[in-house]
Amino acid sequence: MVADEVSAVRSLVDFFPEANEDLDRIKLSGQYSEVESSLEEILEYVSEYSHILTSFEIEERNGPRIFFELSGATIRNVGLDDLDEEETNYDDIELSRFQRRRQEGDWESAGTHLTSICSGIADSVELVVTATVNKPQVVTSIETAASSIFAGIETNPHFWLSEGSFSQWAEDKHPSRIGEVMFDANRLPILFFDDQSELTVDQTVIAGLDTLGQLDSDTLQQALVEYRASQDSVREYVSWGEDITPVHPEPINTLYNHCSSGLPSHLIVYYNLGLFCRSVACVDDITKFSIELNPELEIRLEDGQFHEGFNDNITSGLVELYNNFSSESTESSFRSLWQRALAETIAGREEEIESELDKLYLIVESRNEITETLDRLKRQVIKEDFQGLSDALDETQALMADITSRLSDAATESSRRIQGLGFTLLGAIIANIFLVLRWSENRLVIPFTTFVTILILTFYLPLIQGQIDDLDRVIRESQNDFILYRDRIRQFNQDLFEFSQLESRINSYQGIAEKQRDRAQNWIDLSFYVLLSLWMVLATISAVVFSIGSLHFLSIIVSVLVFAALVLPFDYSPVGNDYFERTAVIVAIVIGISLICISIWISQNPDAYSWFSSLPRFQSSN
């Protein structure tokens, strides 16, 4: 599965004796005293694949004349018309034929004539032929040829003639620059090598053009997920300077392990060492790798040292340290221990350090000591953790007692408030009976009951709702407290303590409290609607039966004013309480105003209906 454009590049590379490859271009050149017959074939490639070339020129060596060039997508002769027959051995007919074929766009025929012309020129002058290949266009053609594989996968592909040319290019670049162009945080890096015969799919994909058919979308998608995860972690745990491109060393080490020509050492050192650090910053061409603060360990490397490179011992040693470190590199506590182990190991050998580079050598040479120091620090932390675990268990026992007490007290208080509501209603009923039996004041029953209803709606129901809300908060807080202590214990060892029984007891207490809360909420909701309905009945009787100067009429006016105050938003308003239905209260206000108007109308029109005369308001006035 090789794109035609790649075949054209191969033919161009085979023709030119010199090739200089960069990130986005391949510059090909050659000097000719006699133009070979293959020039005709090359010109055909130039005409057919001019879209992958940024330039193509035939010019006089050490001379000012350019005889032929590619301008954009158009091939044109520049200096051929300036030549005369004394300088060449071709005639005007050959030039005319070339120009005609060129104008017609027939480059296959034009190439034949141009070969003849250039052969004539080469008898008198030495020619230099150059071509510059646009590598991004070649990559696009490769992706198009393998579109079914790369569909839906975000990739960062690059094409190289060989692993050696890639390594040669990288040697001259700062590691951060290589990271910027090769390792985008969200796109999977893919390197197509024309000389590669094996396929590697990891956090970097290394493929030969003949191995594209072995790729599959699922494998690439999984590689992209792992690549993004590693890039996110290196940004989370290491603080990088603004002018530095963060890159996780895993995709770089993939190249190191699979490139037979070798990867530049400075790239391996830069990012493997960076992963061990708390922060990496670049100031005045000096990169500061800050590993630990106490004891302090910071390595400062000048840009010149990166360009000079590092020996194989440092490179392989850092990769080995990374392999030991990588499995737990995303755990903050382990990172801290690792950084401390590095610093403590180096701190005792100051007499061996004469330069910043010596610190790097010591880290690599002290790999075994670093591991031993790390193990010692782990044992120390485990000992401290067990003491902390004992304290946490004691606090958990106290927490259980506190949670039980709080839930019990809150549930008891809610029950007491609900009972109080029942006693209040019962007291109102007894008072009404007493009014009737003692003084035979049955007229006072309605306004008395109305005022009691208003008092309950205004003051007592919000008080009960507050107790229910407090119970709900206690339930939530008890759960949060349990989770807090459970997580604290699990910081030491999640398998050391069995939480199922403890969690079952907590859930049992919370279940009892939740049932009490729901029961109380249902009761207060029902009470609200019953009391509001009772008020509407009493208000209707008061408005129709009794006169506008009576206590009954006054109770309606007071009720409407109180209801209007309840629906206004202020600090102590019941608006927002679970039981309070604002729309129902507004309906009661509208009904109350309507009843007031009806009562006034009846008073002014006593003869409107015959049955009005039987109402108590008119009987009392007689």
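Note that this is a predicted model, so its numbers are computed, not measured.

A. Region of interest: the sheet that holds strand β9 (residues 200-201). What the four strands build is an open sheet, ordered β7-β8-β10-β9; its pairing is mixed. Two strands bound the open sheet, and with one partner strand each, they are β7 (155-160) and β9. The pairing of β9 with strand β10 (residues 205-208) spans two bridges and is antiparallel. Pairing of threonine 200 across the sheet is with isoleucine 206, part of β10. In this fold helix α8 (residues 175-182) packs onto β7 and β8 (188-193), with an angle of close to 115° to the strand it touches most, β7.

B. A look at unusual backbone geometry. Of note, aspartate 284 is a non-glycine position whose phi angle comes to about 55°, a positive value. Mapped onto the elements of the fold, aspartate 284 is located in the loop between β12 (279-283) and β13 (286-293). Here the phi dihedral of aspartate 285 falls at roughly 60°; this positive angle occurs in a residue that is not glycine. With respect to the secondary-structure elements, aspartate 285 resides in the loop between β12 and β13.

C. Fine view of the side chain of asparagine 156. Tracing the backbone through its elements, the reader meets asparagine 156 in strand β7. According to the relative accessible area criterion, asparagine 156 is buried, its value standing at 5%. At a separation of 3.3 Å, a polar atom in the side chain of asparagine 156 contacts the side chain of histidine 158. With near-sequence residues (within four places) excluded, asparagine 156 lies in contact with Val181, Met182, Phe183, Asp184, Arg187, Leu188, Pro189 and Ile190.

D. Region of the structure containing the sheet that holds strand β14 (residues 296-302). Spatial ordering of the open sheet is given by β11-β12-β13-β14, a layout of four strands whose pairing is mixed. Sheet topology places β11 (239-240) and β14 at the edges, where each strand pairs with a single neighbour. Relative to β14, β13 runs antiparallel, the two sharing seven bridges. Residue pairing for β14: isoleucine 286 is matched across the bridge by glutamate 302. Lying on the sheet, helix α11 (residues 265-275) is in contact with β11, β12, β13 and β14; it crosses β13 at an angle near 25°.

E. Geometry of helix α13 (residues 312-326). Between its first and last C-alpha, α13 extends 21 Å over 15 residues, near the 21 Å set by a 1.5 Å rise per residue. Every buried residue belonging to α13 is among Ile314, Thr315, Gly317, Leu318, Val319, Leu321, Tyr322 and Phe325, and all of these are buried. Looking at where α13 begins, the residue whose side-chain oxygen comes 3.1 Å from the main-chain nitrogen of asparagine 313 is asparagine 311.

F. Looking closely at the pattern of salt bridges. Applying the stated criterion across every chain yields a total of 11 salt bridges. A salt bridge links arginine 228 to glutamate 154, with the nearest nitrogen and oxygen atoms 3.0 Å apart. You can see arginine 228 sitting in helix α9 (residues 217-237) and its partner glutamate 154 sitting in the loop between α6 (147-150) and β7, a full 74 residues away along the chain. Here arginine 367 ties to glutamate 320 by a salt bridge, and the two come within 3.3 Å at their closest N and O atoms. Within this pair, whereas arginine 367 is found in helix α16 (residues 367-439), its partner glutamate 320 is found in helix α13, the two being separated by 47 residues in sequence. For arginine 367, a relative accessible area of 23% gives the class partly exposed. One network of salt bridges, with partners in common, ties together Arg340, Glu344 and Arg376.

G. Region of interest: the packing of α13 against helix α15 (residues 356-365). Closest axis-to-axis distance for the α13/α15 pair is 9 Å, and the angle between their directions is 55°. Regarding the angle of α13 to α15, the classification is oblique. As for the relative orientation of α13 and α15, their crossing is left-handed in sense. Mapping the contact onto sequence places Asn313, Ile314, Gly317, Leu318 and Leu321 in α13 and Leu360, Tyr361, Ile363 and Val364 in α15.

H. Highlighting a nonpolar patch on the surface. On the surface, Leu551, Leu554, Ile557 and Leu561 cluster together into a nonpolar patch covering about 340 Å² of accessible area. Structurally, leucine 561 is set in helix α19 (residues 551-566). A relative accessible area of 59% means that leucine 561 is categorised as exposed.

I. Inspection of the environment of phenylalanine 98 at higher detail. Structurally, phenylalanine 98 can be placed in helix α3 (residues 92-104). For phenylalanine 98 and alanine 110, which are 12 residues apart along the polypeptide, the C-alpha to C-alpha distance reads 5.0 Å.

Definitions and limits used
Residues numbered from 1 in each chain as written. Predicted model: local features only at pLDDT ≥ 70, side-chain atom pairs only at ≥ 80, totals over all residues. Heavy atoms only, no water. Pairing = 2+ DSSP bridges. Helix = DSSP H or I, 4+ residues; strand = E, 2+ residues; numbered from the N terminus. Contact = heavy atoms within 4.5 Å. Axes fitted to C-alpha atoms, helices over the stretch in contact; angles between N-to-C directions. Buried < 20%, exposed > 50% of the residue type's maximum accessible area, 1.4 Å probe, protein only. Polar contact = N/O pair within 3.5 Å; in protein donor to acceptor, adjacent residues only side chain to side chain. Expected span 1.5 Å × (residues − 1). Salt bridge = Lys/Arg side-chain N within 4 Å of Asp/Glu carboxyl O. Parallel < 35°, antiparallel > 145°, perpendicular 65-115°, else oblique. Left-handed = near helix turned anticlockwise from the far one by under 90°. Patch = residues over 30% accessible without salt bridge, like charges linked within 9 Å, V, L, I, M, F, W, Y side chains within 5 Å. Areas by Shrake-Rupley, 256 points an atom, 1.4 Å probe, with all protein chains shown as cover.

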